[in-house]
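Chain residues, written in single-letter form:
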Amino acid sequence: MSSPPIFEQLQAKASQWCSEYGRYKEECRVFAEHMRVEYIEYLGARSADIEFHVLNENLERMKDEGTTLSPRLQPGDDGFIYFGLTIVFKMNHGCLDEHVRIGVQRVRNQWRVRWNQTEMAYGDPPHLAFFQKVTALIEAKFSTPFHKQRGALGFIPVVSNDHLALLPPAELRIAAEADTPTAESGGQPAKG
């Protein structure tokens, strides 16, 4: 009896690989959901204070997608599976969103987590070392005087639609000019 054609052998291996990858992604999704719940409990926050956001193929937040209660996973080139997490700080005058990209990877039954640029093992519950580290990063950010903070790639934080947004300096100048009253608009801010 002859062996199956090479393509059929490859087809079987590809099918097995896809099945294993699908199981692994499901494990990562469940891990992300548990991590969110554990972080909510650690902070003493409410469920609505920490939600997932959607990442595109470049692992950047898709602003038009809003937030969701289930993570949408994106594979990274580094072997990590990524999802976005949004932490919402509500205040009387609006709110400020902290957007975080988190990568997870399981190697030899040990989970590793990347929180933006910080990577460490995610140990057995209650995961205090990891939560303390990432909470300290957020606290350090908000402990730095505003005038000493630099936005990524020269982006400047401004409040827009009750949320903190990052605008490049050129767009900030255009936005400021659009809100300046002109004689032609009868003293009303110009609309872009």
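Please read all numbers here as calculations on a predicted model, not as lab measurements.

(A) Structural view of the pattern of salt bridges. Under the definition given, this model contains 9 salt bridges. The closest approach of N and O atoms between Glu27 and Arg106, which form a salt bridge, is 2.4 Å. Of this pair, Glu27 sits in helix α1 (residues 6–43) while Arg106 sits in strand β5 (residues 94–107), and the two are 79 residues apart along the sequence. What makes Glu27 partly exposed here is its relative accessible area of 33%. Residue class for Arg106 comes out partly exposed when judged on its relative accessible area of 27%. Arg114 is paired through a salt bridge with Glu119; the nearest N and O atoms lie 2.6 Å apart. Exposure remark for Glu119: the relative accessible area of 33% places this residue in the partly exposed category. Connected through shared salt-bridge partners, Asp78, Arg112, Arg114 and Glu119 make up one network.

(B) Spotlight on the nonpolar core. Met35, Ile102, Val104, Trp115 and Phe130 are the most contacted members of the largest nonpolar core, which totals 26 residues. Among the secondary structure elements, those contributing two or more residues to this core are α1, β1 (50–53), β4 (81–91), β5, β6 (110–115) and α2 (128–143). With 7 residues, the top contributor of residues to this core is α1. The contact partners of Ile102, leaving out residues within four places of it in the chain, are Met35, Ile81, Tyr82, Phe83, Leu85, Val113, Arg114 and Trp115.

(C) Examining a nonpolar patch on the surface more closely. Taken together, the side chains of Tyr42, Leu43 and Leu128 make up a nonpolar region of the molecular surface, amounting to roughly 240 Å² of accessible area. With respect to the helices, strands and loops of the structure, Tyr42 is situated in helix α1.

(D) Summary view of the packing of aromatic side chains. According to the stated counting rule, one finds 14 aromatic pairs in the structure shown. Ring geometry for Tyr39 and Trp115: centres 5.6 Å apart, planes at 70°, overall edge-to-face. Of this pair, Tyr39 sits in helix α1 while Trp115 sits in strand β6, and the two are 76 residues apart along the sequence. In this structure Tyr39 comes out as buried when scored by relative accessible area, which is 2%. A relative accessible area of 3% means that Trp115 is categorised as buried. On the basis of an interplanar angle of 55° and a centroid distance of 5.8 Å, the ring pair of Phe130 and Phe131 is categorised as tilted. Both residues of the pair, Phe130 and Phe131, belong to the buried class.

(E) The arrangement of α2 in detail. Its 16 residues give α2 an end-to-end C-alpha distance of 21 Å, which sits within 8% of 22 Å, the value for a rise of 1.5 Å per residue. Those residues of α2 lying buried are Phe130, Phe131, Val134 and Ile138. Projected down its long axis, α2 shows its buried positions confined to an angular sector of 95°, all on one face. Across α2 from its buried face, at more than 90 degrees, point the exposed residues Glu139 and Ser143. For α2, the elements touching its buried residues are α1, β4, β5, β6 and β7 (118–121).

What counts, and at which threshold
Residues numbered from 1 in each chain as written. Predicted model: local features only at pLDDT ≥ 70, side-chain atom pairs only at ≥ 80, totals over all residues. Heavy atoms only, no water. Salt bridge = Lys/Arg side-chain N within 4 Å of Asp/Glu carboxyl O. Helix = DSSP H or I, 4+ residues; strand = E, 2+ residues; numbered from the N terminus. Buried < 20%, exposed > 50% of the residue type's maximum accessible area, 1.4 Å probe, protein only. Core = buried A, V, L, I, M, F, W, Y, C linked by side-chain atoms within 4.5 Å. Contact = heavy atoms within 4.5 Å. Patch = residues over 30% accessible without salt bridge, like charges linked within 9 Å, V, L, I, M, F, W, Y side chains within 5 Å. Areas by Shrake-Rupley, 256 points an atom, 1.4 Å probe, with all protein chains shown as cover. Phe/Tyr/Trp six-rings, centres within 6.5 Å; stacked < 30°, edge-to-face > 60°. Expected span 1.5 Å × (residues − 1). Arc of directions from axis to C-beta.

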